[in-house]
Amino acid sequence: MVKSKFSISLHIMTLLAYYPGEWHSSAIIAESLNINPVLVRKELKALKSGGLVESKEGKNGGVRLGKSAKNISLADIFEAIKGDSHVLNLSNNLPDVNCKIGSQINEKLLSIFDNVDNAIVDILKIQTLEKFKNQF
């Protein structure tokens, strides 16, 4: 799930960075993504909690970047939408706790998942939203 959330959120943030200072409604953003505005609002909530966007209610309201695109790394976006989840997930099946492997597998997997998430963050820290936006 994190994979699609990051794509959606980066699209949103790139759009906002391309038009800095302008307020955008979730409907307008949803048109660019070709998705339902409800899904946009869900991601905007996470981005707002992460301090990356600000919102204004009312007729001329919407969302815009909460700080300069130069000061937002792609890792900031990833971390804002990732929450407590990992890019990789445990199986929905509960392993056998009486099994030597089953009793420890989830603990060992979570350690790997943390390493994967940290590697992604390290790669995404290198690029700012401003630099990404300038590709368009």
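Because the structure is predicted, anything quoted here is derived from the model rather than measured.

Caption draft 1: Looking closely at the nonpolar core. One finds Ile-12, Met-13, Ile-29, Leu-47, Ile-77 and Leu-129 to be the most contacted residues of the largest nonpolar core, which totals 31 residues. Of all the elements in the fold, those that place two or more residues in this core are helix 1 (2–18), helix 2 (26–33), helix 3 (37–49), strand 2 (62–65), helix 4 (74–82), helix 5 (105–124) and helix 6 (129–133). Considering each element in turn, this core owes the most residues, eight residues, to helix 1.

Caption draft 2: Layout of the pattern of salt bridges. Enumeration over the complete set of coordinates arrives at three salt bridges. Salt-bridge contacts for Glu-54 lead to Arg-64; the nearest nitrogen and oxygen are separated by 2.5 Å. Of this pair, Glu-54 sits in strand 1 (residues 53–56) while Arg-64 sits in strand 2; the two residues are 10 residues apart in sequence, bridging distant segments of the chain. Judged by relative accessible area, which is 30%, Glu-54 ranks as partly exposed. Across the pair Glu-130 and Lys-133 runs a salt bridge, and its minimum N-O distance is 3.3 Å. With Glu-130 and Lys-133 both in helix 6 and three residues apart, the pair spans about one turn of that helix. Here the two residues Glu-130 and Lys-133 agree in accessibility, since each one is buried.

Caption draft 3: Up close: the packing of aromatic side chains. With the rule as written, the count across this model stands at three aromatic pairs. For the pair Tyr-18 and Tyr-19, a centre-to-centre distance of 5.2 Å together with 75° between the ring planes defines the contact as edge-to-face. Taking the relative accessible area as the measure of exposure, Tyr-18 reaches 42% and is therefore partly exposed. When the ring of Phe-132 is compared with that of Phe-136, the centres are 5.6 Å apart and the planes differ by 65°; the resulting orientation is edge-to-face.

Caption draft 4: Representation of the confidence of the model for the protein chain. Considering every residue of the protein chain, the mean pLDDT works out to 94; 99% of them sit at 70 or more. At the level of individual helices and strands, the protein chain shows its lowest average pLDDT in helix 1, which scores 93, and its highest in helix 6, which scores 97.

Conventions we followed
- Residues numbered from 1 in each chain as written.
- Predicted model: local features only at pLDDT ≥ 70, side-chain atom pairs only at ≥ 80, totals over all residues.
- Heavy atoms only, no water.
- Core = buried A, V, L, I, M, F, W, Y, C linked by side-chain atoms within 4.5 Å.
- Buried < 20%, exposed > 50% of the residue type's maximum accessible area, 1.4 Å probe, protein only.
- Helix = DSSP H or I, 4+ residues; strand = E, 2+ residues; numbered from the N terminus.
- Salt bridge = Lys/Arg side-chain N within 4 Å of Asp/Glu carboxyl O.
- Phe/Tyr/Trp six-rings, centres within 6.5 Å; stacked < 30°, edge-to-face > 60°.
- pLDDT = per-residue confidence, 0-100.

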